[in-house]
Amino acid sequence: MDLSEAAKNRIAIAVCAGLVVIMLAPLFRHPFALVGDDPARTHDYLQQATYDRLFRQAVLEDREFPLRTYFLGGGYPLPANPQDSTFSPMSIASLIFGEALGMKINIVLFFCIGSCGMFYLARRAFGASALGAVWAACAYAFSGWWLSRLEWGFYFKLYFHFVPWIWFFLEKARRRALKGKAGRLPDSSVVVAGLLLALTLTQLGLGFVVVALFFLIYFAFDSLAAGKGRQTALCKASMATLAVAFALSALFAAAKLAPMIELLAQSPRRVDNYDIYLGVAGGYPHFYKTFGVFAKALALPSTIPNESIWPGWMTLPLAAAGFAASWKKLWPLFLAALLFALICFGPYCPVDLFKPLWHLPFFRSMHAPYQLFSFFVLAALCLGAARGFDLLGAPELRRAKIALGVIAFATLILGWMLFHVNVLSGIFKYDAPVSAKDINTGPFYAVQGSGMVRGAPRTKKSQQYFNVLRGVGTIDWDGDVLLTEYAQPRYFVDALDRRTENPLYKGEAYFEGGAGEIESLTLQSNVIEVKGRSPSGGLVVVNQNWDRHFTCNYPLIRQAGLLAANVGPGSFELRFSYRPWPMYAGMVCSLICAACALVFLVRERFKNQSGRRGGKAL
């Protein structure tokens, strides 16, 4: 029985998704575990778990959408952080199932999204056969690039899985624009591309800039590859499509983008000395080795061997054959990927291509650019391999093609079993080391590490996620964008988990320059309430960082960087409310744009269905 094209695609997608689920099954060996044997590899997962836990706690316990947190840094606008997941739909899994199981469910969802997107990109945009597209999808999902991200806890890079779908819809939109079928921009494809780009903006951070740069370069090369008379038209269609998609993504993600811009203006994250890249001796000069067996890539003399690419033993020869056989069509992809590969070498490249980018905004904030640029090398290899797989399409070579397919997929699966299963099984092995006796049942307080490197693995009583579970704040928390911390910790914690009283600590709420009694303090994500009495009035100080977006029912004062208010004699009830207008404005913009997009897409869907029915009737 001959299957339709749609049926073949559905079967292929089911195969890809099924293989991904089987591949990632070892992650669920300990469903609620978040800790592995290596603290360095667990560290970033615990950072993500902190974000998810605080979001879940605010929604389920405080019954409010969190606009800040009092657990980190003495008060911090956490949703504005580029890596926070508050505005990402992927936070729903953690909200329902908890941060440990929710994170693992999201990993599976990310990989299914990415592999299916790679299938459709290879099949529809690059003309690969169904088998070739399945190969591209599996080589992509089973690659060492993705395993190294999982192994080292780089959760936010999983948002790269949306890129194949973004690419697919951008290709579809610009082709429709070129043929005049859309009639106008935006059409439904570019709207979907804008929505997916907005998703990458919610947590991918600087990766979004690299994604934008790649599409600009690739579409420019692809326009040059068009025949004479079509170059200008294709270039205009490409740039118009990108411009509309980027503009829509900014509008859709305004809820995240507006507060994030304000945060980055207060604390720009950047590398001021370019020579710092010379210190990554295990990364750049050995970049070429990452195309070999993943086990060798792990043995590189690098602190974090996350530059691995390894797309499978047969993907490289298939990609070479595919690029050679389809050079006229694929040279823009090859050159764009080559350019990005050279950028990965940084100062170790004979011609340093990253340094000019480093002088531009955003790129100057990249501490290890090869982590971001190398993704497109992997994507190009998978797409080239899909074309190489199809070279045996002649009828007389059909048996050889079947044999090659069996051998190729067998080596891919065997490679995964040999090099991946043990790694995945060891990522999550133990529950968080916090027992009932560790829970803080008294008033809230915060701690700060003593003699420990900020951003490095921490002990149980100084690690921010463990502290959140205990009901304790962490002043020196690990975040990519930090603000000055004025709040005082109650205790200093050393590398042996020994606590030392802080002599400067006066409490979480106290009188400064007056007499009185603090009766109660209630801390929530967006509201701080202080109740007390004073015989003469005075200045009440809260041990939380001052922020210009706080309002108060009493005269609000900034006291040595902390929240404070003047109260009169007698009883008082202070209420500090956090009202960040950029975030509110962004939320309104995002909701309006999302509603308009939904209406637009539904109308386009009905219009297309009506057109198809009308065509059949005629």
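The shown structure was predicted, so the numbers you read here are calculated from the model rather than taken from an experiment.

1. Some thoughts on the packing of helix 1 (residues 5–24) against helix 4 (residues 99–125)
At their nearest, the axes of helix 1 and helix 4 sit 9 Å apart, and the two run at 145° to each other. Remark: the crossing between helix 1 and helix 4 carries right-handed chirality. On the side of helix 1, the interface is formed by Glu5, Asn9, Ala12, Ile13, Cys16, Ala17, Val20, Val21, Met23 and Leu24, while helix 4 contributes Ile107, Val108, Phe111, Cys112, Ser115, Cys116, Phe119, Tyr120, Arg123 and Arg124. Of the residues belonging to the contact of helix 1 with helix 4, the class tally is 15 nonpolar, two polar and three charged.

2. Topic: the state of the cysteines
Under the criterion given, the structure shown has zero disulfides. Cys596 takes part in no disulfide bond, and the closest cysteine sulfur to it belongs to Cys593, at a distance of 6.5 Å. Cys596 sits in the partly exposed class, given a relative accessible area of 49%.

3. Examining the packing of helix 6 (residues 144–151) against helix 16 (residues 370–389)
In the contact formed by helix 6 and helix 16, the axes pass within 10 Å of each other and the chain directions differ by 150°. Judged by the angle between their axes, helix 6 and helix 16 are roughly antiparallel. Of the residues in helix 16, those in contact with Trp145, Trp146 and Arg149 of helix 6 are Tyr370, Gln371, Ser374, Phe375 and Leu378. Class assignment of the residues belonging to the contact of helix 6 with helix 16 gives a composition of five nonpolar, two polar and one charged.

4. Description of the packing of aromatic side chains
All told, the structure shown has 52 aromatic pairs when counted by the stated rule. Centre to centre, the rings of Phe65 and Phe87 are 5.6 Å apart; their planes meet at 45°, and the pair counts as tilted. Placement of Phe65 in the loop between helix 2 (39–60) and helix 3 (91–97) and of Phe87 in the loop between helix 2 and helix 3 is noted, with a sequence separation of 22 residues between them. Ring centres of Trp145 and Phe160 lie 5.9 Å apart, and the angle between their planes is 80°; this geometry places the pair in the edge-to-face category. With a gap of 15 residues between them, Trp145 in helix 6 and Phe160 in the loop between helix 6 and helix 7 (163–179) connect regions that are remote in the sequence. In this structure, Trp145 and Phe160 share a single accessibility class: buried. Cation over ring: Lys157 sits above Phe154, and NZ or CZ is 4.1 Å from the ring centre. Here Arg499 stacks its cationic end above the ring of Tyr491, 4.0 Å away from the centre of that ring.

5. Digging into the sheet that holds strand 5 (residues 509–512)
If you trace the four strands from one edge of the open sheet to the other, you get 5-8-11-10, paired in antiparallel fashion. Looking at the sheet topology across the chains shown, the edges are occupied by strand 5 and strand 10 (556–559). Ignoring which end each strand starts from, the neighbouring axes of this sheet average 35° apart. Strand direction decides the pairing type here: strand 10 and strand 11 (residues 562–567), joined by four bridges, are antiparallel. The residue bridging Leu556 from the neighbouring strand is Ala565, located in strand 11.

Calculation rules
- Residues numbered from 1 in each chain as written.
- Predicted model: local features only at pLDDT ≥ 70, side-chain atom pairs only at ≥ 80, totals over all residues.
- Heavy atoms only, no water.
- Axes fitted to C-alpha atoms, helices over the stretch in contact; angles between N-to-C directions.
- Helix = DSSP H or I, 4+ residues; strand = E, 2+ residues; numbered from the N terminus.
- Left-handed = near helix turned anticlockwise from the far one by under 90°.
- Contact = heavy atoms within 4.5 Å.
- Nonpolar A, V, L, I, M, F, W, Y, C, P; charged D, E, K, R; others polar.
- Disulfide = S-S within 2.5 Å.
- Buried < 20%, exposed > 50% of the residue type's maximum accessible area, 1.4 Å probe, protein only.
- Parallel < 35°, antiparallel > 145°, perpendicular 65-115°, else oblique.
- Phe/Tyr/Trp six-rings, centres within 6.5 Å; stacked < 30°, edge-to-face > 60°.
- Lys NZ or Arg CZ within 6 Å of the ring centre and 35° of its normal.
- Pairing = 2+ DSSP bridges.

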